[in-house]
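Survey of secondary and tertiary structure
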Amino acid sequence: MQTLVLNASPRKAWNTAKLLKSAAEGAKSAGSEVEYIDLYDLNFTGCRSCMLCKRKGAQRCHCYWKDDLSPIIDKIFRADVLLIGTAIYLGRPTSRYFEVLERLHFCALSYDDYSNYFTRRVNVGLFVSMNASKEFYDKLYKDAFEGYARELQMLNGEVCLYPCHDTLQVADYSKYNMAGFDAERKRLSREKNFPRDLENAYQIGQRLVRETCE
Ligand SMILES: Cc1cc2nc3c(=O)[nH]c(=O)nc-3n(C[C@H](O)[C@H](O)[C@H](O)COP(=O)(O)O)c2cc1C
């Protein structure tokens, strides 16, 4: 049983990373081995259109471009559970997240009939952290992020989308030009809501592993 955890946010110890680490602990508690990777430490780009994955005789679901991401793509396709997290940047996942999805999706896509080459099942937890409140997320982001979650159905498993709202973006708001944020509200949200988010992430990691055993 293997769980792969991918942090597609640049900060290694902040909101997204904390959610992912908690989800990873949940996965471990259910008996899975866990590998945790900070994607911003690696050297890669999005799809380079080399077309090697579409050559006759090419291995299916394998990205041929020689950089740090291709081995990770192999690991995703071999995993039982994928826990991936991103912050919201300007209404979207981070650019790193898109680079991964571009390469993952394209090498599993048949250009003969647009079917999915991938036949195993990988359960996915998609963790999304943001400044936005739940109300703002529901109104402006939810539809798009449910779409990003649907894209991960190419891995044929359950996809669980977890939005984490109203995160603390900096430790001390008084040191920044961030008057648009209510620092007190942020502090309260961190104290009251974030522990619950971490617990929910733990439960999701645990459940996604357990469900692969059923
Ligand atoms: C470049 C940039 C763009 C951002 N854009 C948004 C946004 O459009 N909506 C939002 O709710 N939060 C936005 N944020 C805030 C982050 O999503 C939020 O602080 C998140 O929890 C950061 O994750 P991290 O702590 O893992 O880095 C942005 C942050 C940065 C640095």
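Further up the page is the structure itself.
What counts, and at which threshold
- Residues numbered from 1 in each chain as written.
- Predicted model: local features only at pLDDT ≥ 70, side-chain atom pairs only at ≥ 80, totals over all residues.
- Heavy atoms only, no water.
- Core = buried A, V, L, I, M, F, W, Y, C linked by side-chain atoms within 4.5 Å.
- Buried < 20%, exposed > 50% of the residue type's maximum accessible area, 1.4 Å probe, protein only.
- Helix = DSSP H or I, 4+ residues; strand = E, 2+ residues; numbered from the N terminus.
- Contact = heavy atoms within 4.5 Å.
- 1 Å grid on protein atoms, 1.4 Å probe; cavity = no way out; pocket = protein on both sides within 12 Å on 5 of 7 lines; lining within 4 Å.
- Points joined across faces, edges and corners; volume = space filled by probe spheres on them.
- Nonpolar A, V, L, I, M, F, W, Y, C, P; charged D, E, K, R; others polar.
- Near = heavy atom within 4 Å.
- Polar contact = N/O pair within 3.5 Å; in protein donor to acceptor, adjacent residues only side chain to side chain.
- Areas by Shrake-Rupley, 256 points an atom, 1.4 Å probe, with all protein chains shown as cover.
- Sits in = over half its atoms within 2 Å of the grid points.

A word on the nonpolar core
Core analysis: the largest hydrophobic core is formed by 41 residues, its most contacted members being Leu6, Phe77, Leu82 and Leu155. Among the elements that line this core, the one with the most residues is helix 3 (residues 95–107), at six residues. Setting aside residues up to four positions removed in sequence, leucine 82 forms contacts with Leu4, Leu6, Ile76, Val122, Asn123, Val124, Gly125 and Leu155. Core analysis: the second largest hydrophobic core is formed by 17 residues, Leu19, Cys164, Phe194 and Leu208 among them.

So, the layout of surface pockets
Quantified by volume, the largest pocket comes out at close to 290 Å³. A total of three residues in the lining of the largest pocket trace back to one element, the largest contributor, which is helix 1 (residues 15–29). Split into classes, the residues belonging to the lining of the largest pocket amount to 10 nonpolar, eight polar and one charged. Each pocket or cavity is described by its volume, and for the second largest pocket that value is around 210 Å³. Lining of the second largest pocket is provided by Cys53, Lys54, Arg55, Lys56, Gly57, Ala58, Gln59, Arg60, Tyr111, Asp112 and Tyr117.

Section: the site of the ligand
Residues in contact with the ligand amount to 17 residues; listed here are only the nearest, Thr16, Ile88, Ser129, Tyr141 and Thr167. Within the backbone of leucine 90, one N or O atom sits 2.8 Å away from a nitrogen atom of the ligand. Contact distances for the ligand include 2.9 Å between an oxygen atom and a backbone N or O atom of glycine 91. In the complex, the protein chains occlude 81% of the 650 Å² of accessible area that the ligand would expose alone. When atom positions are compared with the pocket grids, the ligand is found to occupy the largest pocket. In terms of residue class, the shell around the ligand is made up of eight nonpolar, eight polar and one charged.

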